[in-house]
Amino acid sequence: MARVVETVNPDRAGLDLRGYLDRIEYSGPVAATVETLVAVVAGHTRHIPFENLDPLCGVPVEDLRAAALTAKLVDRRRGGYCYEHNTLLRYVLEELGFGVDALGGRVVWMNPTGLDGPPHAETHQALAVRVPGLVDPFLVDVGFGGQTLTAPIRLEAGPVQQTDLGAFRIRTHDRWGGGYLLETLLGNNWQPMYTFTDRPRPLIDLELGSWYVSTHPRSIFVNGLSAALIVDDARMNLHGGTLSVHRRDGQTERTRLASAAEVVEVLGERFGLDVSGLPAVTERIAAVLDS
């Protein structure tokens, strides 16, 4: 009988699992169960902010291996965008015994052409996560920013799936190469977020997408400022100089920040981000506020 050899993802080298669990303040069971998956996703979205400060300051996001992501998101207590969040979570879940595939997505969220125009670039990453003993995978995405999934949902087209901060559904989508469309319910209207397929993407494709969105001169991550974090029962979003807190009961509070110094202060005090090591960060934020 042939011996089965377990293959370990070499890109996972350098992952600090204990450091990551401390970062998301999770001390519960780590068996590969649905309960663990739900708890880890909840902790991640509440402790590691979405933010694009590196691209804004001219620092490309090129290395998506575990050592680089651990150094940034865990050791330096920074955040990141979809490629960083979901790739780090992929390594963690693999280490815990889950099966994980990286998926590619095309964002249509708040895009004027939406689903009616030509295909958008594949510049988003999500995860298909398999729990041992269960047949159907879950869609996990901790890196979409302001409207990110705060819980896993079944990767199944059709039913409305409720999370602690909103309802979502997956529909089949037969344009742009087929696949699925993720939608979120805002008020009484379903809003499209992104299309995706269930075909796994290798790391090199993810690194190419990450390099593109972190360096292209027309990228929203190069030209704008975004940060997001789940806080208690609310979504806290920063876009440019506007800080919004969207609560579960439908109430929204908005604060306009008048200066780059105020934005830096909010990034530190509200999002827990130390931006002192970034080149010309105050100047770049000031340029965003003036544009």
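The rules behind these values
- Residues numbered from 1 in each chain as written.
- Predicted model: local features only at pLDDT ≥ 70, side-chain atom pairs only at ≥ 80, totals over all residues.
- Heavy atoms only, no water.
- UniProt positions renumbered as here; feature names shortened; annotations may be inferred.
- Pairing = 2+ DSSP bridges.
- Helix = DSSP H or I, 4+ residues; strand = E, 2+ residues; numbered from the N terminus.
- Contact = heavy atoms within 4.5 Å.
- Axes fitted to C-alpha atoms, helices over the stretch in contact; angles between N-to-C directions.
- Core = buried A, V, L, I, M, F, W, Y, C linked by side-chain atoms within 4.5 Å.
- Buried < 20%, exposed > 50% of the residue type's maximum accessible area, 1.4 Å probe, protein only.
- Phe/Tyr/Trp six-rings, centres within 6.5 Å; stacked < 30°, edge-to-face > 60°.

- Where an unreviewed UniProt entry is consulted, the chain appears under the name Arylamine N-acetyltransferase, with the organism given as Mycolicibacillus koreensis.
- The annotation that UniProt attaches to the chain under Sequence similarities (unreviewed entry) is "Belongs to the arylamine N-acetyltransferase family."

## Thoughts on the sheet that holds strand S3 (residues 124-130)
Stage number 1. Ordered in space as S5-S4-S3-S2-S9-S8-S7-S6, the 8 strands form an open sheet in which the pairing is antiparallel. In this open sheet, the two strands that pair with only one neighbour each are strand S5 (153-154) and strand S6 (160-163).
Stage number 2. Pairing of strand S4 (residues 138-140) with S5 involves 2 bridges; the strand directions are antiparallel. For Phe138, the partnering residue across the bridge sits in S5 and is Arg154.
Stage number 3. Strands strand S2 (99-107), S3 and S4 of the sheet are contacted by helix H5 (residues 82-96), whose axis makes an angle of about 20° with S3.

## Some remarks on the nonpolar core
Stage number 1. Tyr20, Leu37, Leu89, Phe98, Val129 and Val140 are the most contacted members of the largest nonpolar core, which has 40 residues in total.
Stage number 2. Going through the elements one at a time, helix H1 (17-23), helix H2 (34-47), helix H4 (66-75), H5, S2, S3, S4 and helix H6 (203-215) are the ones with two or more residues in this core.
Stage number 3. For this core, the element with the most residues is H5, which contributes 8 residues.
Stage number 4. Ignoring anything within four residues of it in the chain, the contact list for Val140 reads Leu37, Val41, Asn86, Leu89, Ala126, Leu127, Val129 and Pro152.
Stage number 5. Counting 24 residues, the second largest nonpolar core, distinct from the first, contains Leu53, Leu225, Leu229 and Leu257.

## With respect to the pairing of S3
Stage number 1. The buried count for S3 comes to 6 of 7 residues, which makes it a mostly enclosed element.
Stage number 2. With 7 bridges joining them, S2 and S3 adopt antiparallel strand pairing. Each residue of the ladder has a partner; that of Gly99, found in S3, is Arg130.

## A short note on the packing of aromatic side chains
Stage number 1. In this structure the tally under the stated criterion is 7 aromatic pairs.
Stage number 2. Between Tyr81 and Tyr83, the ring centres sit 6.1 Å apart and the planes meet at 75°, which makes this aromatic pair edge-to-face.
Stage number 3. A relative accessible area of 1% means that Tyr83 is categorised as buried.

## Concerning H4
Stage number 1. Looking at H4, one finds that the buried residues are Ala66, Leu69, Thr70, Lys72, Leu73 and Val74.
Stage number 2. Where the residues of H4 are buried, they touch H1, helix H3 (53-56) and H5.
Stage number 3. Within two residues after H4, Arg77 carries a phi angle of roughly 55°, on the positive side.

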